[in-house]
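Now for the letters of each chain:
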Amino acid sequence: MEKTICITGGAGFIGSHAVRLFVKKYPAYMIVNVDSLTYAGNLENLTDVENNPNYKFVKADITNQQQVNILFHEYRFDGIIHLAAESHVDRSITNPLEFINTNIIGTVNLLHAAKERWKGNYSGKAFYHISTDEVFGSLGNEGYFTENTPYDPRSPYSASKASSDHLVRAYHNTYGLPILISNCSNNYGPNQFPEKLIPLAINNIKSSNPIPVYGKGENIRDWLYVEDHARAIDAIFHQGKNGETYAIGGNNEWKNIDLIRLLCRYMDEKLKRAPGTSEKLISFVTDRAGHDLRYAIDSSKLRDELGWEPSLSFEEGLRKTVDWYLEHETWLRHIVEGDYATYYERQYQER
Ligand code: NAD
Ligand code: TYD
């Protein structure tokens, strides 16, 4: 094998798309998916590549320093693409400590193991941290986040991701560790856990349950199809400059309420319901604490330097996503019938 690449969090939403892309596109790379399989990790996301000779799954917890060290010793990774994290803002509000542990301590364990294992012999090595645009805080109606926007995280989730970004840069500045960071806007697409807005709404519309919209639905997000994020990760891992940060976005801003209305329209068409049926399910509920108003990314650096741009329109991406969820009933049922029901009840009963 030419290289051994560790992808952490490869059983999660974005991680599984990154694993699939790398396993299929780079048969000369050994891809080691390191994931502890929390509620969000699901090996059913990867059944199509699980028997490939250049793919291996290892169940390990990045918060366990000893486990991380053993992995580095055993597999002699040439590169790390680090996606493992606690990723849901609402869960970070109810349980911040878990976010601090996984997102900060887990990242430091990986950084430290990479530094110790590579021991200053950094040729051909890279530590790539996948981060979020939420580290930049909340925008008003104008402007965009860029690589130079000052950090201003406002939720326990975004603060823990900001902290891990700082630690990645600290290992670069202090020890010369070769690093890359990207901060991406909201992803959507197949395999997303239905605690996040789009799959939650699809699931509720499908079963004719209320669609909870926080506050007045005025908050704005910039949506990117997950496979386009995976393509950006590939471009940055292979062509990104050591020490640099790249902002990734869909150039696709939607107010939550407008997005939900569009989704209702597509679902009515798809499920052959009368126009307007699903919109009646919209239910305005108590707003999220500290709810960031707007995220929007200017990804011109990535476009100009690495030639990346989103490949799908939102209409294409959203329709593909709806089709995928409707065609993967078993995948959805396994989640909905698990701990999800308990989470859902706790999260929404008092709103
Ligand atoms: P996800 O919640 O779907 O998946 C996270 C994965 O990490 C799961 O497979 C889980 O089992 C694993 N994991 C969690 N704790 C672990 C631990 N201690 N040890 C090993 N594995 C562990 O998340 P996602 O939405 O795919 O996000 C992946 C990454 O991308 C995260 O770092 C997130 O901050 C970032 N990101 C996400 C978005 C988005 O819209 N989802 C946008 C920008 C950046
Ligand atoms: P989410 O998918 O949780 O992503 P993030 O908070 O990381 O942006 O939420 C996207 C937007 O949708 C956000 O403004 C919160 C809102 N939202 C709802 O209105 N209702 C919901 O049930 C959820 C989960 C989110």
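The structure contained in this document is the topic of the report that follows. (Residues numbered from 1 in each chain as written. Chains lettered and ligands numbered in written order. Predicted model: local features only at pLDDT ≥ 70, side-chain atom pairs only at ≥ 80, totals over all residues. Heavy atoms only, no water.)

1. Focus: the packing of aromatic side chains
- Inspection of every chain in the model, using the stated rule, returns 23 aromatic pairs.
- Arranged with centres 5.3 Å apart and planes meeting at 40°, the rings of Trp254 and Phe314 form a pair that is tilted. Taken together, the positions of Trp254 in strand β11 (residues 253–255) and Phe314 in helix α10 (residues 314–327) put the pair 60 residues apart, joining distant regions of the chain.
- Classification of Trp254 by relative accessible area gives partly exposed; the value is 23%.
- Residue classification places Phe314 among the buried positions, given a relative accessible area of 8%.
- One aromatic cluster is present, formed by Tyr39, Phe193, Tyr214, Tyr340, Tyr343, Tyr344 and Tyr348 through successive ring pairs.
- Of note, Arg91 hangs over the ring of Tyr343, and the distance from its end group to the ring centre comes to 4.0 Å.
- A cation sits over an aromatic face here: Arg294 above Tyr144, 5.6 Å from the ring centre. (Phe/Tyr/Trp six-rings, centres within 6.5 Å; stacked < 30°, edge-to-face > 60°. Helix = DSSP H or I, 4+ residues; strand = E, 2+ residues; numbered from the N terminus. Buried < 20%, exposed > 50% of the residue type's maximum accessible area, 1.4 Å probe, protein only. Lys NZ or Arg CZ within 6 Å of the ring centre and 35° of its normal.)

2. Observations concerning the sheet that holds strand β9 (residues 220–225)
- Strand order in the open sheet formed by three strands is β7-β9-β11, and the pairing between neighbours is mixed. Either end of the sheet is taken by a strand with one partner, and the two such strands are β7 (186–188) and β11. Averaged over all adjacent pairs, the angle separating strand axes in this sheet is 50°, with direction ignored.
- Pairing of β9 with β11 involves three bridges; the strand directions are antiparallel. Opposite Ile220, over in β11, you have Lys255 as the bridge partner.
- Taken strand by strand, helix α8 (residues 256–270) contacts β9 and β11, and its axis lies near 90° from that of β11. (Pairing = 2+ DSSP bridges. Axes fitted to C-alpha atoms, helices over the stretch in contact; angles between N-to-C directions. Contact = heavy atoms within 4.5 Å.)

3. Topic: empty space enclosed by the protein
- For the coordinates displayed, the defined rule picks out one cavity of 30 Å³ or more.
- Within this model, the largest cavity holds a volume of roughly 50 Å³.
- Among the residues making up the lining of the largest cavity, the classes are represented as three nonpolar, three polar and four charged. (1 Å grid on protein atoms, 1.4 Å probe; cavity = no way out; pocket = protein on both sides within 12 Å on 5 of 7 lines; lining within 4 Å. Points joined across faces, edges and corners; volume = space filled by probe spheres on them. Nonpolar A, V, L, I, M, F, W, Y, C, P; charged D, E, K, R; others polar.)

Without other data, these values stay purely geometric and don't point to any function.
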